[in-house]
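Below are the chains, spelled out letter by letter.
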Amino acid sequence: GRGPELSCASFGRIMRPDDANIAGNVHGGTILKMIEEAGAIISTRHCNSQAGEPCVAALARVERTDFLSPMCIGEVANVSAEITYTSRHSVEVQVNVMSENILTGAKKVTNKATLWYVPLSLKNVNKVLEVPPIQYARKEQEDEGKKRYEEQKLDRLETKQRNGDVILPVINPEPHTVGYSQSSLIHLVGPSDCTLLGFVHGGVTMKLMDEVAGIVAARHCKTNIVTASVDAINFHEKIKKGCVITVSGRMTFTSNKSMEIEVFVDADPFVDEPRERYRAVSAFFTYVSLSKEGKPLPVPQLLTETEDEKRRFEEGKGRYLQTKAKRQAQMQQAAQQ
Amino acid sequence: GRGPELSCASFGRIMRPDDANIAGNVHGGTILKMIEEAGAIISTRHCNSQAGEPCVAALARVERTDFLSPMCIGEVANVSAEITYTSRHSVEVQVNVMSENILTGAKKVTNKATLWYVPLSLKNVNKVLEVPPIQYARKEQEDEGKKRYEEQKLDRLETKQRNGDVILPVINPEPHTVGYSQSSLIHLVGPSDCTLLGFVHGGVTMKLMDEVAGIVAARHCKTNIVTASVDAINFHEKIKKGCVITVSGRMTFTSNKSMEIEVFVDADPFVDEPRERYRAVSAFFTYVSLSKEGKPLPVPQLLTETEDEKRRFEEGKGRYLQTKAKRQAQMQQAAQQ
Amino acid sequence: GRGPELSCASFGRIMRPDDANIAGNVHGGTILKMIEEAGAIISTRHCNSQAGEPCVAALARVERTDFLSPMCIGEVANVSAEITYTSRHSVEVQVNVMSENILTGAKKVTNKATLWYVPLSLKNVNKVLEVPPIQYARKEQEDEGKKRYEEQKLDRLETKQRNGDVILPVINPEPHTVGYSQSSLIHLVGPSDCTLLGFVHGGVTMKLMDEVAGIVAARHCKTNIVTASVDAINFHEKIKKGCVITVSGRMTFTSNKSMEIEVFVDADPFVDEPRERYRAVSAFFTYVSLSKEGKPLPVPQLLTETEDEKRRFEEGKGRYLQTKAKRQAQMQQAAQQ
């Protein structure tokens, strides 16, 4: 065993502009991520503190947590974690987060969280291992911990039975249709996404577009895919810091070995500005599917259903044939030289 | 002026696991982002090379580019950029990307891209400044550049007129309805998102959930919002590396000064695995809207339309009142001590 | 005042795939960045501990540091920092880094570093403020600190006078020559790279320097390489948000089992400012090549061609022999105790 000093730990980090919204308040999500990292470290450490099968503590549950005061850019987040209860197969960790203004010395409790972890074997991820028991200073601590354990266990069982609700309608569940693979993501434009002028770098936009197009392609053919080409992209409209951008993609055309995906970028300048959502960029990405040896694989044909889908397929075919002809002409020219 | 040596630049970066898919192929989007960064630097530098108003070069267009061979994790991406043409108000940059396997020394052309930048004044972002002309080694270079300039100008005009198509139906464009603010994002699970077991860190999932919930809240009230609390979250199902996760959120309840958002996380293990999409996590996030002074602002009431929406609103109200009662009980208890 | 408990602090973080090379060894640059963040927090905290003008501690110098054992993905980096000396205008911070395998409990010292910070006024960045004195447990601690302070002050003055050298491109270099492995990268300074004063964190700069030095080393020996040590680095010139920094490296010396790489950081305040490109930092990094079992491999000898290259090789040899002699003296001293 490695002794009892291991049952608590503390960590700190300076909050950066990317951790916060445009008003300078650190995102709750940034704090939740730090809390969970601290919990994972301390519980994995504890579960491996006795000789036995090596394991990794996996998060099973986070209790309700309240954010008591906002944290700001430039402040230090101090995260301290302590193991407060162990059952046979789970560990309860209490994590406290304090914001510290290192200029004024002011410290505030940001939030307190309780997390439950379960040790999974490193060799067999489906095997839950036993947790070494901790020592309690007082008997009541163990009793109260046991009560919390029983309560959360009940709640976990309950929610497991709640059946799955869906937010966005699955437009077409038929494989290889346009609706089957279409995808979209939203992204809150942060400071690091922007130039000195406060507008999104074109490269950041293109990276998000490729991300969505890649997911559309992978959903369609369910194999390893790579970007083969990107058609000309025009950036008519700037996108400002603080906007939410929606990047959406749908498949327009498939040849034997390639897929064409149309991607739209819409900007939603919803804070501070009266302007409505607008189309900022659109483009066509072409993907190919690769085998494990890196050879191109055949691609399932896109099933078009509506008139619009059929028209877009024909337009995509036109672009495909045009590009093919151009490439052949270049190769002949090169061969003649 | 700072002289002609500034019209070209080259640099390298090692490709990391997060730059690539699970097969180890670097995302096209990672490469596009590097290309654009090189283009932005070289053209901003050029446009500021003569005394005058300071400016930042903004991306106006990227010409079609083909990805000629895949790049892999551990390889060095060598990006070199050169200014090849200047018109009165725009700069053409040619960027070449080579992958270099530093272990074998093998180098391959990954792709070549042509980008057009426009200098915008740092003081007035709507003012396009003049571009200092470059010197051409041969007269033909200028003529060919001018031809490329005219061609892309035509294409830019054309696409500007193409009207906006929509992929995902806007379910309900009426402000303050559930459909108006509901949002979703997709995220491809990368290596840095995962534990040693190859499953997503709970903290990474919670950060994405908070991101979506925050966007829903901001769309609803169009002000600066912060996370006030998160209800207990249970992690029943693990999410594996390489999955695509869809995180979607909808507003369920509003009180005078708070908004409750339900968030779902669905995992799509679409490569390599026969398993269907499954619900991995769900949770309720509560947000408040803050004024510039950090004071809570009133929140517009959520407009419920369907029976389900009304039921969820009532359930949310139940949770709200329960939490409020619990908090008051705690405060009374604290006051008595 | 906020009392003496604030003069030490500790931090931890799990190492992720992006923190490491493809062999799984954490980059020296990742560790340097964590060290500097810890140092910046503790010294900013200390310098604001007495009523007075608010200030931010800026990194002025890092003493030579040796990387004693490699850290791996999945391990926890434990960073602890302590203020060990204060002069009127500077703070000495001692930082220790331990790698902890949370599965086996094994802990190893990764490295120890000494950093010097200077408090700059938040209102006027060119004003250096006074540092509140610390209490020493024993008089000798203060005397030894004063000696270290005087030594580093001399060295800082010296390097300030060393003139700026430039790395020029070589067209078709022969393997193992200086030109063959020399490398550079450019980075646009974003908001998250900067302190509250709007200047780049020293840790961010060191991480980029290690990245370039690592590419130079890998290009030379085409094997898995790790940072062995970093010579003292002086930060004479601040780098502002919005600058483009060019980081370039060239090999200066090889022994049988190590490579010395000189790295330059040049800042280009290309928008907004009349100032010319300037040399912000320079330093020497030493790398070793490791076999798959983690054993040091022989390194191909550097082929020097020009007079300058031969001179730099001899200077590198001098530094190498001096370090070796110092280490042997320390080992003998330790053996005698």
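Residues numbered from 1 in each chain as written. Chains lettered and ligands numbered in written order. Predicted model: local features only at pLDDT ≥ 70, side-chain atom pairs only at ≥ 80, totals over all residues. Heavy atoms only, no water.

1. Examining the interface of chain C and chain A
Then step 1. Facing the 32 residues of chain C at the interface are 33 residues of chain A.
Then step 2. Carbon and sulfur atoms supply 60% of the area that chain C and chain A bury against each other, a total of about 2500 Å² over both sides.
Then step 3. Among the residues of chain C in contact with chain A, Ile-102, Leu-103 and Ser-192 of chain C are the three that bury the most area, contributing 23% of the side total.
Then step 4. Connecting chain C to chain A are two salt bridges.
Then step 5. Of the charged contacts, one joins Glu-100 of chain A and Arg-45 of chain C as a salt bridge, the two residues approaching to 2.6 Å between their closest N and O atoms.
Then step 6. Where chain C touches chain A, the interface holds five residue pairs in polar contact (both at pLDDT 80 or more).
Then step 7. Those elements that provide at least two residues to the side of chain C that touches chain A are β1 (8-14), α1 (28-47), β2 (55-62) and β4 (76-86) of chain C. (Contact = heavy atoms within 4.5 Å. Buried area = accessible area lost by both parts, 1.4 Å probe. Salt bridge = Lys/Arg side-chain N within 4 Å of Asp/Glu carboxyl O. Polar contact = N/O pair within 3.5 Å; in protein donor to acceptor, adjacent residues only side chain to side chain. Helix = DSSP H or I, 4+ residues; strand = E, 2+ residues; numbered from the N terminus.)

2. Here we look at the confidence of the model for chain A
All names here are of chain A.
Then step 1. Chain-level pLDDT for chain A is 88 on average; 92% of the residues reach the 70-or-more range.
Then step 2. The least confident element of chain A, judged by mean pLDDT, is strand β1 (residues 8-14) at 80; the most confident is strand β5 (residues 91-100) at 95.
Then step 3. In the predicted structure, residues 1-6 sits below a pLDDT of 50 and forms 13 contacts with residues beyond four places in sequence or in another chain.
Then step 4. For this predicted complex, the interface confidence score (ipTM) comes to 0.83, while the overall pTM stands at 0.85. (pLDDT = per-residue confidence, 0-100.)

3. Quick look at helix α4 (residues 202-221) of chain B
Residues and elements named next belong to chain B.
Then step 1. Helix length check: α4 (20 residues) gives 29 Å between terminal C-alpha atoms against 28 Å at 1.5 Å per residue, within 8%.
Then step 2. Burial of α4 is extensive: 18 of the 20 residues sit out of reach of the surface.
Then step 3. Lys-222 sits one or two positions beyond α4 and adopts a positive phi of about 55°. (Expected span 1.5 Å × (residues − 1). Buried < 20%, exposed > 50% of the residue type's maximum accessible area, 1.4 Å probe, protein only.)

4. So, the pairing of β2 of chain C
All names here are of chain C.
Then step 1. Of all eight residues in β2, seven are buried; the element is thus mostly enclosed.
Then step 2. The pairing of β2 with strand β6 (residues 107-121) spans seven bridges and is antiparallel. Opposite Arg-61, over in β6, you have Trp-116 as the bridge partner.
Then step 3. Sheet analysis places β2 next to strand β9 (residues 233-234), joined by two bridges and oriented antiparallel. Considered in β9, the bridge of Val-62 is made with Ile-233. (Pairing = 2+ DSSP bridges.)

5. Regarding the packing of α1 of chain C against helix α4 (residues 202-221) of chain C
Residue and element names in this part refer to chain C.
Then step 1. One way to put it is that α1 packs onto α4 with a least axis distance of 8 Å and a crossing angle of 170°. Of the possible angle classes, the one that applies to α1 and α4 is roughly antiparallel. Between α1, through Gly-28, Gly-29, Thr-30, Leu-32, Lys-33 and Glu-36, and α4, the contact on the second element is made entirely by Gly-202, Gly-203, Val-204, Met-206, Lys-207 and Asp-210.
Then step 2. By residue class, the composition of the contact of α1 with α4 is three nonpolar, five polar and four charged. (Axes fitted to C-alpha atoms, helices over the stretch in contact; angles between N-to-C directions. Parallel < 35°, antiparallel > 145°, perpendicular 65-115°, else oblique. Nonpolar A, V, L, I, M, F, W, Y, C, P; charged D, E, K, R; others polar.)

6. Description of the domain arrangement of chain A
Residues and elements named next belong to chain A.
Then step 1. Splitting chain A by domain gives domain 1 (6-156) and domain 2 (176-334).
Then step 2. A C-alpha centroid distance of 40 Å is found between domain 1 and domain 2.
Then step 3. Residue-level contacts link four residues of domain 1 with five residues of domain 2.
Then step 4. Across the domain 1-domain 2 interface, the total number found is zero salt bridges.
Then step 5. Its residues assigned to classes, the side of domain 1 that touches domain 2 comprises two nonpolar, one polar and one charged. (Domains from an automatic or database assignment.)

7. Observations concerning the pattern of salt bridges
Then step 1. Throughout the structure, instances matching the rule amount to 57 salt bridges over all chains.
Then step 2. When the shortest N-O distance is used, the salt bridge between Glu-92 of chain A and Arg-148 of chain A registers 2.6 Å. Here Glu-92 of chain A, found in strand β5, pairs with Arg-148 of chain A, found in helix α2 (residues 139-161); they are 56 residues apart in sequence, far enough to count as distant.
Then step 3. Between Arg-61 of chain C and Glu-63 of chain C there is a salt bridge, and its shortest N-O distance comes to 2.9 Å. Note on accessibility: Arg-61 of chain C and Glu-63 of chain C belong to one class, buried.
Then step 4. Where salt bridges share partners, they join Arg-64 and Asp-66 of chain A together with Asp-231 and Arg-327 of chain B into one cluster.

8. A closer look at the UniProt feature "active site" (unreviewed entry) in chain A
Then step 1. Those places that UniProt annotates as "active site" (unreviewed entry) correspond, in this numbering, to Asn-21 and Asp-210 of chain A. Separation in sequence by 190 residues is matched in space for these annotated residues, since their most distant C-alpha atoms are 24.9 Å apart.
Then step 2. Tracing the backbone through its elements, the reader meets Asn-21 of chain A in the loop between β1 and α1 (28-47).
Then step 3. A relative accessible area of 15% places Asn-21 of chain A in the buried class.
Then step 4. Setting aside chain neighbours within four positions, we find Asn-21 of chain A in contact with His-27 of chain A together with Asn-224, Ile-225 and Val-226 of chain B.
Then step 5. Here the side chain of Asn-21 of chain A touches Ala-23 of chain A through a polar contact of 3.0 Å, landing on its backbone nitrogen. (UniProt positions renumbered as here; feature names shortened; annotations may be inferred.)

9. Here's the deal with the packing of aromatic side chains
Then step 1. Inspection of the entire model under this criterion finds 18 aromatic pairs over all chains.
Then step 2. Ring centres of Tyr-85 of chain A and Trp-116 of chain A lie 6.4 Å apart, and the angle between their planes is 70°; on these two criteria the pair is classed as edge-to-face. Of this pair, Tyr-85 of chain A sits in strand β4 (residues 76-86) while Trp-116 of chain A sits in strand β6 (residues 107-121); the two residues are 31 residues apart in sequence, bridging distant segments of the chain. Here the two residues Tyr-85 of chain A and Trp-116 of chain A agree in accessibility, since each one is buried.
Then step 3. Each residue in the set Tyr-85, Trp-116, Tyr-136 and Tyr-149 of chain A is aromatic and connected to the rest through ring pairs, giving one cluster.
Then step 4. The ring centre of Phe-284 of chain A lies 3.7 Å from the NZ or CZ of Arg-319 of chain A, which sits over that ring.
Then step 5. The ring of Phe-199 of chain B carries Lys-238 of chain B above its face, with NZ or CZ at 5.5 Å from the centroid. (Phe/Tyr/Trp six-rings, centres within 6.5 Å; stacked < 30°, edge-to-face > 60°. Lys NZ or Arg CZ within 6 Å of the ring centre and 35° of its normal.)

10. Side note on the relation of the copies chain A and chain B
Each of the two chain copies goes to the other by way of a rotation about an axis and a shift along it.
Then step 1. Each copy superposes on the other: chain A lies on chain B with an RMSD of 0.2 Å after a rotation of 180° and an axial shift of 0.0 Å. The symmetry that links the two subunits is that of a two-fold axis. The position closest to the rotation axis in chain A is occupied by the C-alpha of Leu-185 of chain A, lying 1.9 Å away.
Then step 2. When you check the interface residues of chain A against chain B, 100% turn up at the interface there too, and the contact is symmetric in its surfaces. (Least-squares fit on C-alpha atoms with pLDDT ≥ 70 in both.)

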